[in-house]
Each structure stands twice: as structure tokens, then as C-alpha cells.
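Coordinates in review
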Amino acid sequence: MTGSIDVRAAEPRLEYVLRLADNALVLGQRLGEWCGKGPALEEEMALVNFALDLVGQARMLLSYAAELEGAGHSEDDLAFLRDGMDFRNLLLVELPNRDFAFTIVRQCLFDLYQCGLYEELQRSGDSRLAEIAAKASKESRYHLQHSAGWFVRLGDGTAESHQRVQAALDRIWRYTGELFETDDVETALVAEGIAADPAVLRSEWDNQLDRILREATITRPADDGMASGGRHGRHTEHLGYMLAEMQFLQRAYPGASW
Amino acid sequence: MAEQDWPLWEVFIRSRTGLSHKHVGSLHAADQQMALQNARDLYTRRQEGVSIWVVPSAAIHASDPAERDAYFDPADDKIYRHPTFYDIPDEVEVL
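Parameters at a glance
Residues numbered from 1 in each chain as written. Chains lettered and ligands numbered in written order. Predicted model: local features only at pLDDT ≥ 70, side-chain atom pairs only at ≥ 80, totals over all residues. Heavy atoms only, no water. Contact = heavy atoms within 4.5 Å. Buried area = accessible area lost by both parts, 1.4 Å probe. Salt bridge = Lys/Arg side-chain N within 4 Å of Asp/Glu carboxyl O. Polar contact = N/O pair within 3.5 Å; in protein donor to acceptor, adjacent residues only side chain to side chain. Helix = DSSP H or I, 4+ residues; strand = E, 2+ residues; numbered from the N terminus. Nonpolar A, V, L, I, M, F, W, Y, C, P; charged D, E, K, R; others polar. Core = buried A, V, L, I, M, F, W, Y, C linked by side-chain atoms within 4.5 Å. Buried < 20%, exposed > 50% of the residue type's maximum accessible area, 1.4 Å probe, protein only. Pairing = 2+ DSSP bridges. Axes fitted to C-alpha atoms, helices over the stretch in contact; angles between N-to-C directions. Patch = residues over 30% accessible without salt bridge, like charges linked within 9 Å, V, L, I, M, F, W, Y side chains within 5 Å. Areas by Shrake-Rupley, 256 points an atom, 1.4 Å probe, with all protein chains shown as cover. Expected span 1.5 Å × (residues − 1). Arc of directions from axis to C-beta. Disulfide = S-S within 2.5 Å. Bend = angle between axes of the 7 residues up to and from the residue. Parallel < 35°, antiparallel > 145°, perpendicular 65-115°, else oblique. Left-handed = near helix turned anticlockwise from the far one by under 90°.

On to the interface of chain A and chain B, then. Listed by partner, the interface residues are eleven residues for chain A and 13 residues for chain B. Of the roughly 1200 Å² buried at the junction of chain A and chain B (both faces included), carbon and sulfur atoms supply 50%. For the interface between chain A and chain B, the tally reads one salt bridge. Between Asp 31 of chain B and Arg 153 of chain A there is a salt bridge, with its nearest N and O atoms 2.9 Å apart. Linking chain A with chain B are seven residue pairs in polar contact (both at pLDDT 80 or more), by the criterion used here. For the side of chain A that touches chain B, the secondary-structure elements that each account for two or more residues are helix H2 (41–69) and helix H6 (127–155) of chain A. When its residues are assigned to classes, the side of chain A that touches chain B shows six nonpolar, three polar and two charged.

To continue, consider the nonpolar core. All names here are of chain A. Judged by nonpolar contacts, the single largest core of 95 residues is most densely connected at Tyr 16, Tyr 113, Phe 151 and Trp 205. With 14 residues, helix H5 (residues 100–121) is the single largest residue contributor to this core. Leaving out residues up to four positions away in the same chain, Phe 151 has contacts with Ile 104, Val 105, Cys 108, Val 165, Ile 212, Leu 213, Ala 216 and Ile 218.

Bringing the pairing of strand E1 (residues 8–14) of chain B into the picture now. All names here are of chain B. For E1, the tally of buried residues reaches five of seven residues, placing the bulk of the element in the interior. With six bridges joining them, E1 and strand E2 (residues 22–28) adopt antiparallel strand pairing. By the bridge assignment for E2, Ile 13 is matched with Lys 22. One ladder, built from six bridges, connects E1 with strand E3 (residues 51–56); its direction is antiparallel. Among the inter-strand pairings, Val 11 is bridged to a residue of E3, identified as Val 54.

So, about the sheet that holds E3 of chain B. All names here are of chain B. Within the open sheet, the three strands sit side by side as E2-E1-E3. Their pairing is antiparallel. The strands lining the two open edges of the sheet, one partner per strand, are E2 and E3. Between one strand axis and the next, the sheet turns through 30 degrees on average, direction left out of account. Strands in contact with helix H1 (residues 32–43) are E1, E2 and E3; relative to E2, the strand with the most contacts, it is inclined by about 115 degrees.

Let us look at a nonpolar patch on the surface. Residues and elements named next belong to chain A. Side chains of Phe 248, Leu 249 and Tyr 253 sit close together on the surface and give an oily, nonpolar patch of about 340 Å² of accessible area. Tracing the chain through its elements places Tyr 253 in the segment after helix H10 (237–252). Overall, the relative accessible area of 51% leaves Tyr 253 in the exposed class.

Attention now goes to helix H7 (residues 159–172) of chain A. Residues and elements named next belong to chain A. With 14 residues, H7 extends 20 Å from end C-alpha to end C-alpha; this agrees with the ideal 20 Å at 1.5 Å per step. Buried within H7 we find Ser 161, Val 165, Gln 166, Ala 168, Leu 169 and Ile 172. For H7, the angular spread of the buried residues around the axis is 160 degrees, confining them to a single face. Contacts from the buried residues of H7 go to helix H4 (91–94), H5, H6 and helix H9 (198–216).

Moving on, we get to the state of the cysteines. The full count for this structure, using the stated rule, is zero disulfides over all chains. With no disulfide of its own, Cys 108 of chain A has Cys 115 of chain A as its nearest cysteine by sulfur position, at a separation of 9.5 Å.

Here we come to H6 of chain A. Residues and elements named next belong to chain A. Between its terminal C-alpha atoms H6 stretches 40 Å, which fits the 42 Å expected from 29 residues at 1.5 Å a residue. Maximum bend of H6: about 25 degrees, positioned at Ala 136. For H6, the side-chain oxygen to backbone nitrogen distance between the N-cap and Arg 128 is 3.0 Å, and the N-cap itself is Asp 126.

Residue and element names in this part refer to chain A. Where helix H1 (residues 12–32) meets H2, the axes come as close as 7 Å, and the angle between the chain directions of the two elements is 155 degrees. Judged on the interaxial angle alone, H2 and H1 are roughly antiparallel. For the element pair H1 and H2, the recorded crossing hand is left-handed. Of the residues in the contact of H1 with H2, the class split is 20 nonpolar, three polar and three charged.

Right, dumping it as C-alpha cells:
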């Protein structure tokens with residue numbers, strides 16, 4: 001086993017880039033789990049395409065993070081050699097896929113968030129972030145078309161598909177508060193014109209989600225017992241298992257390559 | 001769950017502006033919008049296209065293989081219908 005690397009107590013910009021990177025990486029890995037198990041061949045290809053888009057975003061962001069860190073690490077080091085408590089992703093993206101409805105509901109909530117986020121970040125004072133955002137924004141808009149399409153189709157579908165979507169949203173709702181939390185890191189970067197303002201993102205996310213929910217005939221759950229902590233490395237028990245699988249090869253065979 | 005398959009669609013892709021759409025394959029989808037999205041995800045992952053058409057397979061009326069001779073053999077001995085007796089200018093890239 002090779003030693004873990006530790007990027008804790010990062011300066012704000014590095015911290016922010018790692019948060020974005022880890023969201024993309026962890027959800028990319030989760031979506032990849034549908035490979036070979038999709039409900040239809042066509043849908044499986046779509047989900048795995050999205051996984052690859054997200055891994056691509058994670059690569060760009062982790063490369064930038066490695067440069068900001070300046071400790072000689074590579075994007076792969078940051079992806080495969082950090083421990084769970086050093087991951088900054090939202091809890092939302094690490095939750096297991098469960099059924100197709102859950103996967104779609106989570107994806108739709110996340111895509112809505114990413115669309116707003118990357119739309120804003122294209123105007124970031126950080127030119128690297130703005131470039132990455134321009135590419136990611138196009139991908140996210142397509143992902144949203146797909147996930148929102150399914151959200152409405154299933155929600156306004158059969159009694160069973162409706163019930164599954166509602167149950168998934170009810171289960172997932174407590175993980176959505178974290179999307180718009182803010183802390184010193186983000187407040188400072190928002191003031192500098194580098195990060196997107198969570199308050200602005202929230203109102204747009206709320207409006208768009210309400211429109212989708214109406215069309216899908218799905219009821220918005222109440223904010224109750226909202227979960228938090230992912231950004232600061234406090235994760236659900238699910239992340240560790242996922243990382244064990246994702247990181248196994250580089251941990252067991254350090255430096256292995258194609 | 002009702003095990004009813006989604007209808008079949010034929011997919012046509014235009015590889016670049018100026019060319020015609022070409023048949024590339026088929027897929028299953030519940031409706032037109034899903035068919036377009038599935039076509040995008042199945043058939044344009046390697047930058048194969050700039051435009052997609054999807055057509056319900058049921059809307060395609062095909063020639064009868066048994067009638068193949070009657071349909072196609074008469075063109076066999078009419079080589080003058082091929083534009084092979086012309087010199088094609090270098091500037092014409094797509095013909």
C-alpha cells in the first residue's frame with residue numbers, strides 16, 4: 001500500500017477547486033456503476049456518457065488543483081491517493097444509486113445545480129475556472145435535459161413510477177441543503193469575484209425545480225433534518241466503500257498505468 | 001412492470017454541413033424526444049455528426065427482397081448512367 005496524501009487546510013482557491021472536482025469525480029464514479037446494469041441499452045450508454053463527462057470535468061479541475069497546490073502531485077494522485085476525510089464532495093453525490101428513479105432524481109437535482117453554477121463561473125475572475133466552466137456548462141445543460149426529461153416522464157408516468165420518484169425525492173431531500181451552504185472559503189472567493197454566490201444559485205435552482213416538480217406532479221418535501229458536512233470531509237458511510245473500489249488499483253499497484 | 005418494448009427508430013446522421021444524412025443504425029425509445037437523445041448518446045460519441053434525424057422504423061416502406069431482380073437488374077448493363085466518363089475537377093471534394 002502506498003501512503004495517502006493530505007491536502008487538508010488548503011488555501012481558499014485550492015479548497016474551492018477541490019470541492020468542484022470531488023463532486024464531479026464522485027458522481028462520475030457512481031454513474032459508472034450503471035455500466036452493464038442499465039434498464040435499457042440506450043439509457044445505460046447515456047448514463048455512462050455522463051459519467052465520462054463528469055470524470056473529464058474532474059480531471060481538468062484536479063489538474064488545476066494540483067498546480068495550485070504546487071506540491072508535485074498529479075491529478076491522479078489527488079483522485080486516487082486522498083482518503084475519504086480529504087474529499088470535499090457533497091453528500092448528495094456519494095449516495096448509492098439505489099433504483100433508476102433515485103439515480104435520475106439525484107442527477108436532476110445535481111444537474112440543475114451544476115447548470116447554474118457553471119453558468120456563473122464562466123464569468124469568474126479566475127480565467128482557468130472560467131474556461132473549465134465554459135466546457136462543463138455545455139455538458140451539464142445536456143445532462144439536465146436528459147435527467148429532467150426522465151424526472152417528468154417517471155413522475156407523471158405510471159402509479160409505480162410516480163411513487164418511486166416521490167420516494168426518491170423524499171429520501172434525498174435532506175441532502176440538498178448542503179448545495180447552497182456557504183462558509184468563509186466561499187464568502188471570501190465570492191467577494192473576490194472568483195466563486196459563484198450560493199444565494200444567487202439557490203433562487204434560480206428553486207424556481208427551475210418547482211417548474212419540473214409541477215410538470216412531474218411531484219410534491220416538494222419540507223426542509224427537515226438537513227444533512228451537512230461533505231465539504232469539510234464528514235461523509236456518509238457510503239463514500240469509503242466507493243473509494244475502496246475506485247482507488248484499489250493505484251493503492252495496491254502504485255503507479256500502475258495502461 | 002409491463003414488459004412492453006419501446007418502439008424501434010432508425011437513425012440518420014449528417015456528418016458535416018453540406019453532406020446528406022446517412023443511415024447509421026437503429027435504437028429503441030418511447031418517443032421522438034427520447035429517440036433523439038438516445039441517438040445522440042449512441043451514435044455521436046466520437047464526433048460523428050452535426051445533425052440527427054430519427055424516424056420510426058414502422059414508417060419505413062422497404063423493397064421486397066424477392067423482387068430484387070426485377071427492381072435492380074435492369075440497371076446492370078447501363079454503364080453510361082455512371083458519370084465515369086468525365087474528368088472531375090480537383091476542387092470538387094464531395095461527389
